[in-house]
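Structure at a glance
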Amino acid sequence: MNLKYYAKSIRLGLSALAIAVSAQAAVAASAWQINPLGSGVASASSVSEIKVGGVGFVQLLPNGYNSPLFTFIETGVYRVFNADGSGPLGANDLTVTYSVSGTGNFLDASALHLNSGSVNLYADANFDFGTSAGTYGADNGTKVASFDIFSGYVTSAGLVTVNANGVAGSVVSGYLFNADGADMATLSNIQLQLNIFNQPTWPDSMQLSEIICGMAGYTGSGCDGTDFVPTALAFAVQDGGSVTISAVPEPETLMLLLAGLGGISVVSRRRQKDAC
């Protein structure tokens, strides 16, 4: 057995895999296009991310009296802003509703993990975010796309990252495009990444009514006829951050890339052998 030959083959295989994974990451991080009006790619704007800001409500449920572990659910809404954050992104109001759940540890902030939930993107000709239209004016427009959350975590700096897969058939044509102009409604394996910083906030009456009592279904203080009082287990948050949406290569595409790279390495080795 030629150990050197097999060792070299393994290195080549690992290198090919690394290139394939890097290619997938590059696609996920590349520019994409969005048209708030839904009128097609000709009027779409190229972006690498879109800014979002809004409010949410967090509820924590300890696993037991003596356990530091807990489960949680956060429910809330965002509005999409232009690049400098001074106003809505385009001619339609782009809004987001979300609900996310996961687990954590009161003794270790880094142990926070998100494992399920949903994100929905809407486009609305009426700029009524923050009102009682629909739910806080966030879900009364055209639903542009839906995503299922599959993972998420918090960094040491406090940035919460949420990853979600597009729900098959949920993307409406005319709004979202990849860097080449292909409508994401025609593509598969659409992914969303949300990067958010949040901080506790005191809700106003509209947020209390629409988000906390309504959307989150909370029945505690503020929703039972008494004044709202936040606790360590139930509190409102103000969020701000960014969203990216991309169509990443299917596993089959990556395997074809691997096969192609493997073929190149075989041809290269044969040429080297012939030269000797």
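Scroll up a little and you will see the structure.
Read on for an overview of the structure.

The rules behind the values
Residues numbered from 1 in each chain as written. Predicted model: local features only at pLDDT ≥ 70, side-chain atom pairs only at ≥ 80, totals over all residues. Heavy atoms only, no water. Buried < 20%, exposed > 50% of the residue type's maximum accessible area, 1.4 Å probe, protein only. Helix = DSSP H or I, 4+ residues; strand = E, 2+ residues; numbered from the N terminus. Contact = heavy atoms within 4.5 Å. Polar contact = N/O pair within 3.5 Å; in protein donor to acceptor, adjacent residues only side chain to side chain. 1 Å grid on protein atoms, 1.4 Å probe; cavity = no way out; pocket = protein on both sides within 12 Å on 5 of 7 lines; lining within 4 Å. Points joined across faces, edges and corners; volume = space filled by probe spheres on them. Nonpolar A, V, L, I, M, F, W, Y, C, P; charged D, E, K, R; others polar. Phe/Tyr/Trp six-rings, centres within 6.5 Å; stacked < 30°, edge-to-face > 60°. Pairing = 2+ DSSP bridges. Axes fitted to C-alpha atoms, helices over the stretch in contact; angles between N-to-C directions.

**Digging into helix 2 (residues 205-215)**
- Of all the positions in helix 2, only Q207, L208, E210, I211 and I212 are classed as buried.
- The secondary structure elements touched by the buried residues of helix 2 are strand 3 (50-62), strand 4 (69-81) and strand 11 (234-247).
- Capping the start of helix 2 is the job of one residue whose side-chain oxygen sits 3.1 Å from the backbone nitrogen of M206: D204.
- Immediately beyond the C-terminal end of helix 2, within one or two residues, lies G217, with a positive phi of roughly 70°.

**Details of the side chain of N178**
- Structurally, N178 can be placed in strand 9 (residues 176-178).
- Using a relative accessible area of 19% as the deciding quantity, one classes N178 as buried.
- At 2.9 Å, the side chain of N178 forms a polar contact with the backbone nitrogen of A182.
- Once you skip the residues sitting within four places of it in the chain, N178 turns out to touch A31, W32, Q33, M184 and L187.

**Digging into empty space enclosed by the protein**
- Taken as a whole, this structure holds two cavities of 30 Å³ or more when the rule is applied.
- The calculated volume of the largest cavity comes to roughly 70 Å³.
- Lining the largest cavity are I50, Y78, V96, V119, N120, L121, F147, L192, L194, V243 and I245.
- At the level of secondary structure, the elements contributing two or more residues to the lining of the largest cavity comprise strand 6 (108-124), strand 10 (190-201) and strand 11.
- Sorting elements by how many residues they give to the lining of the largest cavity places strand 6 first, with three residues.
- Per-class residue counts for the lining of the largest cavity are ten nonpolar, one polar and no charged.
- Space inside the second largest cavity adds up to approximately 30 Å³.
- The wall of the second largest cavity is formed by V55, G56, T201, P203, Q207, I211, I212, A236 and V237.
- At the level of elements, strand 3, helix 2 and strand 11 are the ones that each hand at least two residues to the lining of the second largest cavity.

**Some words on the packing of aromatic side chains**
- Under the counting rule described, the total for this entry stands at six aromatic pairs.
- Ring geometry for F70 and F106: centres 4.6 Å apart, planes at 40°, overall tilted. With F70 in strand 4 and F106 in the loop between strand 5 (93-105) and strand 6, this pair connects stretches of sequence that are 36 residues apart.
- Classification of F70 as buried rests on a relative accessible area of 8%.
- On the basis of relative accessibility, which here comes to 42%, the residue F106 falls in the partly exposed class.
- Consider the rings of F129 and Y136, whose centres lie 5.2 Å apart with planes at 85°: the pair is edge-to-face. This pair shows no difference in class: F129 is buried, exactly as Y136 is.

**Brief notes about the pairing of strand 4**
- Pairing geometry for strand 3 and strand 4, over twelve bridges, is antiparallel. The partner of L61 across the bridge, within strand 4, is T71.
- Hairpin geometry of strand 3 and strand 4 is characterised by an intervening segment of six residues between the two adjacent antiparallel strands.
- Judged from the eleven bridges that link them, strand 4 and strand 5 form a sheet pairing that is antiparallel. Considered in strand 5, the bridge of T71 is made with T103.

**Digging into the layout of surface pockets**
- In this structure, the largest pocket encloses a volume near 640 Å³.
- Lining the largest pocket are 30 residues; nearest its centre among them are E74, L112, V160, N198 and F235.
- Sorting the residues of the lining of the largest pocket by element identifies strand 3, strand 4, strand 5, strand 6, strand 7 (142-154), strand 8 (160-166), strand 10 and strand 11 as the ones contributing at least two each.

**Structural notes on the sheet that holds strand 5**
- Taken together, eight strands build a closed barrel; the order of strands is 3-4-5-6-7-8-10-11 and the barrel is antiparallel. The mean angle between the axes of side-by-side strands here comes to 25°, regardless of whether they run parallel or antiparallel.
- The strands that helix 2 touches are strand 3, strand 4, strand 5 and strand 11; relative to strand 4, the one it contacts most, it runs at about 135°.

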